[in-house]
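Descriptive analysis of the structure
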There are 2 protein chains.
Amino acid sequence: MLPSPIRETADIIKKLPGIGPRQALRCAFYILRNPAIRQDLKLVLDKIESVKNCSICFRYIHLSPNAADSTCSICRDIERDKNSLCVVEEDVDLEQLEKAGAFGGQYFVLGGRLSLNQDPRALRINELKQRALKDKDLKEIIMAMSPTAEGNAAFLWLKQEILSASDNTAQIKITRLGIGMPSGGEIEYADEETLRGALENRN
Amino acid sequence: MLPSPIRETADIIKKLPGIGPRQALRCAFYILRNPAIRQDLKLVLDKIESVKNCSICFRYIHLSPNAADSTCSICRDIERDKNSLCVVEEDVDLEQLEKAGAFGGQYFVLGGRLSLNQDPRALRINELKQRALKDKDLKEIIMAMSPTAEGNAAFLWLKQEILSASDNTAQIKITRLGIGMPSGGEIEYADEETLRGALENRN
């Protein structure tokens, strides 16, 4: 029998997404043989405790324990457009959009993918409705779901949810990311849906 | 930018064997969202500090901090055959052999795979030679390398190393695992090398 700390380490690593039992055991041995990685892991596990959600957009931010303000730099930035709100599923999507530098408005992080496998109560649907109701500056909500069958369904459902929240929300324009040719993509390899979208959105 | 504790967690996880940058980030978010897994990880990282090598066979054992004895249960077991020593590359190989219950002798863990990519000084070659020289009970050393091209080369090289260690070692029989049909394997799907080995080792 392998020593219990090795087996226990492997059992924990096995819980991480996409890691099988054999790889978990290899990782446990790697951690056992590397005191430096154990030290780094311990330090970062403590640091991660101070990661909280921004109280406005819910993205993850690093808060010092006695911070008075719990909002993120984007929500605090008075230069950014208050009229448009971009709804993303996860923090990584927000990162990608910010990296592209093409959006200068506000964000809202749903906290997961809206799908048949996901309990919608785990997502911030009510918080999003509240935001749409209370934020008087809002003129447009851009739903930045992926243009997959699942993302399309999520868009339509969320749009309905927001519109039905109150009469106030009816004047907010609810849009989604445009479908078109990916930059650098070749027509020869584009699928039919993408080509159809690109033709509709021609300019 | 993602909060630094998330990025740092992903950077550490990326160092584990077989984990790419995207999966590392997914794991970091998983750890962020699961306080229980952080707690479990911290506990096990402390426990893993008490995993040491058996002073005789070098397999990993769980030692309490004030343990007087640093040998493993197999090395201490007076019932086991003192005449035969099975050399394995890694602890997991020893586990498999013990699970099979087919070997009742002693073990020696090299601590890695002897290959062209591996510095042999990182392995316990000298410790193995010392054991062969000093252990007067030894009659046979079984090299349990995998029967791959690499394992075959490692076997021949190690055998030579031990035999050249001293005249004392010349009377030790150095063998390796037999090549044959895997139990339950079908002849139709067996490769030529396996079939050749199975014919040679017919009984």
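Read on for an overview of the structure. If you're wondering where the values come from, they're calculated on a predicted model, not measured in any experiment. (Residues numbered from 1 in each chain as written. Chains lettered and ligands numbered in written order. Predicted model: local features only at pLDDT ≥ 70, side-chain atom pairs only at ≥ 80, totals over all residues. Heavy atoms only, no water.)

**A look at the packing of helix 2 (residues 21-33) of chain B against helix 3 (residues 35-47) of chain B**
Residues and elements named next belong to chain B. Following both chains from N to C, one finds helix 2 and helix 3 inclined at 100°, their axes separated by 5 Å at the closest point. In terms of axis orientation, helix 2 runs roughly perpendicular to helix 3. Residue-level inspection shows Y30, I31, L32 and R33 of helix 2 in contact with helix 3, the latter providing P35, I37, R38 and L41. Grouping the amino acids of the contact of helix 2 with helix 3 by side-chain chemistry returns six nonpolar, no polar and two charged. (Axes fitted to C-alpha atoms, helices over the stretch in contact; angles between N-to-C directions. Helix = DSSP H or I, 4+ residues; strand = E, 2+ residues; numbered from the N terminus. Parallel < 35°, antiparallel > 145°, perpendicular 65-115°, else oblique. Contact = heavy atoms within 4.5 Å. Nonpolar A, V, L, I, M, F, W, Y, C, P; charged D, E, K, R; others polar.)

**Here we look at the packing of helix 1 (residues 4-14) of chain A against helix 2 (residues 21-33) of chain A**
When two helices pack together, their arrangement is given by the angle between their axes and by how far apart the axes lie. Residue and element names in this part refer to chain A. Where helix 1 meets helix 2, the closest approach of the two axes is 8 Å, and the angle between their N-to-C directions is 125°. Relative to helix 2, the element helix 1 lies oblique. Crossing geometry of helix 1 relative to helix 2 is assigned as right-handed. Within the contact between the two elements, helix 1 uses I6, T9, A10, I13 and K14 and helix 2 uses P21, A24, L25, C27, A28, F29, I31 and L32. (Left-handed = near helix turned anticlockwise from the far one by under 90°.)

**Section: the interface of chain A and chain B**
With 44 residues of chain A at the contact, the number on the chain B side is 44 residues. In total, about 4500 Å² of surface goes out of reach between chain A and chain B, with carbon and sulfur atoms giving 67% of it. Where chain A packs against chain B, one counts eight salt bridges. With its nearest N and O atoms 2.8 Å apart, the salt bridge here joins K47 of chain A to E8 of chain B. Here chain A and chain B share 20 residue pairs in polar contact (both at pLDDT 80 or more) between them. Secondary structure elements with two or more residues in the side of chain A that touches chain B: helix 1, helix 2, helix 3 (35-47), strand 2 (60-62) and helix 5 (91-100) of chain A. With ten residues, the single largest contributor to the side of chain A that touches chain B is helix 2 of chain A. (Buried area = accessible area lost by both parts, 1.4 Å probe. Salt bridge = Lys/Arg side-chain N within 4 Å of Asp/Glu carboxyl O. Polar contact = N/O pair within 3.5 Å; in protein donor to acceptor, adjacent residues only side chain to side chain.)

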